[in-house]
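Structural characterization, general
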Amino acid sequence: MDLPDPTLLAIPAFIVTMLAEAWLGRHGGRVRYTGSDTFTSLSLGIGSVLAGLITGGAVLAMANAVYAHRLFEIGYVWWAWPFAFVLDDLAYYWFHRTAHRVRWFWAAHVVHHSSEHYNLSTALRQTWTGFIALSFVFRLPLFLIGFPPPMVFFLVGLNLIYQYWIHTEAVTRMPRWFEAVMNTPSHHRVHHGTNPRYLDANFAGVFIVWDRMFGSFVPEDDHDPIRYGIVKPLERTGGITGVLWAAFHEWVGIAQDLWRAPWRAKLGYLLRPPGWSHDGSRETSDMIRARWQAEREDRD
């Protein structure tokens, strides 16, 4: 079955809604856009599409190779679509959680978190190096189960489209029943926060129930306004240089750490959490959160 790429079809809607959000921001809304930040986000988004076109053939070949050894003959029956969508979202949750806990995957994913602003253009701030980081391996089990690759790739596109709208400050809270089940702007703002309370939380793509099930859910606290970005902010470099640095800075950092580290520690700079160092000179998110909690207890 030949299926379109939903994300490409959604591009006109992305443009219209970003313009509308920027207009609201200029007329007293909570949303903030800046020229350089938006330029970086859009450039990274365009580069991500191009990178996907370059590597898409290889990913499809691997998907087909796994599918050739499928355990079940599912095909395109009606019930397979919602079932595959839910399983794909679960696979995304574990990819996303791993991308925050293993530096190799973080090197590709950090691009998405590098903005200190939070608006719809941030959703388009995507990696160019997901193929190098092997991010696609988390979805290979879907092909082994027996879901056809065109179906899975189509549903992946729908998942990404859903995640677009939750990158905004224009929406405060959705109805309680919706907040309980679905990922929302409030939940995802938490995910993009650098406050100790919010680090490494809310990894969901579509269904926030995964975070509730696996213990990674943190609600947005109106008394702790969210600071966006990454713990170690990017150097403020504009133009194409800034785009390239946003795309590759963590890979550069990994290369530098591997070069300087003793042999016994080199693997740790690939597989341990971001912020880990063999000499304890840096802090992981766990360490930052533990220090914050200890300080809160001392104040209380």
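Nothing here was measured: the structure is a model prediction, and the numbers come from that model. (Residues numbered from 1 in each chain as written. Predicted model: local features only at pLDDT ≥ 70, side-chain atom pairs only at ≥ 80, totals over all residues. Heavy atoms only, no water.)

Turning next to the overall build of the protein. Check the secondary structure of the protein and you find 15 helices and 0 strands. Taking the principal axes of its C-alpha atoms as reference, the protein extends roughly 60 × 55 × 40 Å. Residue burial in the protein is summarised as follows: out of 300 residues, 48% are buried. Put simply, 72% of the contacts in the protein that link residues at least 6 apart link residues at least 24 apart. If you sum the accessible surface of the protein, you get close to 15600 Å²; carbon and sulfur atoms cover 66% of it. Between the averaged position of the 26 positive side-chain charges in the protein and that of its 26 negative side-chain charges there is a distance of 3 Å. (Helix = DSSP H or I, 4+ residues; strand = E, 2+ residues; numbered from the N terminus. Buried < 20%, exposed > 50% of the residue type's maximum accessible area, 1.4 Å probe, protein only. Contact = heavy atoms within 4.5 Å. Areas by Shrake-Rupley, 256 points an atom, 1.4 Å probe, with all protein chains shown as cover. Lys, Arg positive; Asp, Glu negative; His and termini not counted. Charge placed at Lys NZ, Arg CZ, Asp CG, Glu CD.)

Right, let's talk about the layout of surface pockets for a bit. The volume enclosed by the second largest pocket comes to roughly 890 Å³. Around the second largest pocket, the lining is made up of 37 residues, and of these Trp-106, Ile-230, Lys-232, Glu-250 and Gly-275 lie nearest the centre. At the level of elements, helix 4 (80–101), helix 5 (103–113), helix 12 (239–260) and helix 15 (285–299) are the ones that each hand at least two residues to the lining of the second largest pocket. In terms of residue count, the dominant contributor to the lining of the second largest pocket is helix 12 (8 residues). Residues belonging to the lining of the second largest pocket are distributed by class as follows: 14 nonpolar, 13 polar and 10 charged. Here the lining of the second largest pocket gathers at least three residues from each of two domains, domain 1 (6–214) and domain 2 (245–298). (1 Å grid on protein atoms, 1.4 Å probe; cavity = no way out; pocket = protein on both sides within 12 Å on 5 of 7 lines; lining within 4 Å. Points joined across faces, edges and corners; volume = space filled by probe spheres on them. Nonpolar A, V, L, I, M, F, W, Y, C, P; charged D, E, K, R; others polar. Domains from an automatic or database assignment.)

Compared with an ideal rise of 1.5 Å per residue, which puts 17 residues at 24 Å, helix 8 (residues 149–165) spans 26 Å between its outermost C-alpha atoms and is within 8% of the ideal. Turning to helix 8, its buried residues are Pro-149, Met-151, Val-152, Phe-154, Leu-155, Val-156, Gly-157, Asn-159, Tyr-162, Gln-163 and Tyr-164. (Expected span 1.5 Å × (residues − 1).)

On the surface, Leu-8, Ile-11, Ile-15, Leu-19, Ile-46, Val-49, Leu-50 and Leu-53 cluster together to form a nonpolar patch covering roughly 770 Å² of accessible area. Elements represented by at least two residues in the nonpolar patch include exactly helix 2 (11–26) and helix 3 (35–67). For the nonpolar patch, the element with the highest residue contribution is helix 3, accounting for 4 residues. With respect to the helices and strands, Ile-46 occurs in helix 3. (Patch = residues over 30% accessible without salt bridge, like charges linked within 9 Å, V, L, I, M, F, W, Y side chains within 5 Å. Salt bridge = Lys/Arg side-chain N within 4 Å of Asp/Glu carboxyl O.)

Attention now goes to the UniProt feature "domain: Fatty acid hydroxylase" (unreviewed entry) in the protein. Under the UniProt annotation, the feature "domain: Fatty acid hydroxylase" (unreviewed entry) is placed at residues 82–216. The distance separating the terminal C-alpha atoms of residues 82–216 is 24 Å; by composition the span is 57% helix and 0% strand. (UniProt positions renumbered as here; feature names shortened; annotations may be inferred.)

What follows deals with the UniProt feature "transmembrane region" (unreviewed entry) in the protein. On the UniProt side, "transmembrane region" (unreviewed entry) is annotated at positions that read residues 6–24, 44–68, 74–95 and 151–167 here. From the first C-alpha to the last, residues 44–68 spans 34 Å; its make-up is 96% helix and 0% strand. Strand forms 0% of residues 74–95 and helix 73%; the C-alpha atoms that close the span are 24 Å apart.

This brings us to the domain arrangement of the protein. According to the domain assignment, the protein consists of domain 1 (6–214) and domain 2 (245–298). Counting residues at the interface gives 21 residues for domain 1 and 22 residues for domain 2. Buried area between domain 1 and domain 2, summed over both chains or domains, comes out near 2000 Å², and the portion from carbon and sulfur atoms is 65%. By the criterion of area lost to domain 2, the three top residues of domain 1 are Arg-101, Arg-103 and Pro-196, representing 37% of everything that side buries. A salt bridge links Arg-101 to Asp-286; the shortest N-O distance between them is 2.6 Å. Elements that contribute at least two residues to the side of domain 1 that touches domain 2 include exactly helix 3, helix 4 and helix 5. With 7 residues, helix 5 is the largest single contributor of residues to the side of domain 1 that touches domain 2. For the side of domain 1 that touches domain 2, the class distribution of residues is 13 nonpolar, 4 polar and 4 charged. (Buried area = accessible area lost by both parts, 1.4 Å probe.)

Before going further, it helps to spend a moment on the packing of aromatic side chains. For any pair of aromatic rings, geometry is given as the distance between the ring centres together with the angle between the planes. Under the defined criterion, the tally for this structure stands at 22 aromatic pairs. Note on Trp-128 and Phe-248: the rings are 5.7 Å apart at their centroids and 80 degrees apart in plane angle, and the pair reads as edge-to-face. Of this pair, Trp-128 sits in the loop between helix 6 (120–123) and helix 7 (140–145) while Phe-248 is found in helix 12, placing the two residues 120 residues apart along the sequence. According to the relative accessible area criterion, Phe-248 is partly exposed, its value standing at 33%. An aromatic cluster of three or more residues is present, and its members are Tyr-92, Phe-95, Phe-105 and Phe-138. (Phe/Tyr/Trp six-rings, centres within 6.5 Å; stacked < 30°, edge-to-face > 60°.)

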